[in-house]
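Notes for the structure review
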Amino acid sequence: MNLKSEHPYKAVAALAIATARWTFAPIFIRLLRNDYEPLTQGCVRYLFGSAFLIGICLRYHRPALLALLRNRLPIVGISVLNTVQQYAWTAGTYGATATTAQLIVKLSLVFVVIFAYLLFQE
């Protein structure tokens, strides 16, 4: 297994951007909590995120996306799990203080890194 990347700066930049973007979610959730309930916030966030990703996949990974759309059953379980988890996360952040919301985000990032390492040892 070769751990040395051909493009380490791209990986570091992508990680930095992802980390920064994850910190914005609790801020927007807290700012919009008087206008939207947690379920609507999650739907709006994921609607725009999904539309963006579908556009990227249509542009760069069209055959894989079309194959996935023809056989959707393998992703239904993970989609349901992700939906439940994101609703719980949004509802928790919705009612938390700003400091607690940021701590939740930071802690979830640690778990993502740990689980990604355990599950995808590439």
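Residues numbered from 1 in each chain as written. Predicted model: local features only at pLDDT ≥ 70, side-chain atom pairs only at ≥ 80, totals over all residues. Heavy atoms only, no water.

Some remarks on the overall build of the protein
Check the secondary structure of the protein and you find five helices and zero strands. Overall, the protein shows an N-to-C arrangement of helices and strands of α-α-α-α-α. When its C-alpha atoms are laid out on the principal axes, the protein stretches across 45 × 35 × 25 Å. By residue count, 12% of the 122 residues in the protein fall in the buried class. Look at the contacts in the protein between residues 6 or more apart in sequence, and 76% of them connect residues 24 or more apart. Between the averaged position of the 11 positive side-chain charges in the protein and that of its 4 negative side-chain charges there is a distance of 4 Å. (Helix = DSSP H or I, 4+ residues; strand = E, 2+ residues; numbered from the N terminus. Buried < 20%, exposed > 50% of the residue type's maximum accessible area, 1.4 Å probe, protein only. Contact = heavy atoms within 4.5 Å. Lys, Arg positive; Asp, Glu negative; His and termini not counted. Charge placed at Lys NZ, Arg CZ, Asp CG, Glu CD.)

What to know about helix H1 (residues 8–31)
Taking 1.5 Å of rise per residue, the 24 residues of H1 would be expected to cover 34 Å, and the 36 Å separating its terminal C-alpha atoms lies within 8% of that figure. Packed against the buried residues of H1 are helix H2 (38–60), helix H4 (73–94) and helix H5 (98–119). (Expected span 1.5 Å × (residues − 1).)

Notes on the packing of H2 against H4
At a closest axis distance of 9 Å, the pairing of H2 and H4 adopts a crossing angle of 125°. Classed by the angle they form, the pair H2 and H4 counts as oblique. The element H2 and its partner H4 pack so that their crossing is right-handed. In contact with Pro38, Leu39, Gln41, Arg45 and Tyr46 of H2, H4 contributes Asn82, Gln86, Tyr87, Trp89, Thr90, Ala91 and Tyr94. (Axes fitted to C-alpha atoms, helices over the stretch in contact; angles between N-to-C directions. Parallel < 35°, antiparallel > 145°, perpendicular 65-115°, else oblique. Left-handed = near helix turned anticlockwise from the far one by under 90°.)

Note that all results are geometric; they support no functional claim without further evidence.
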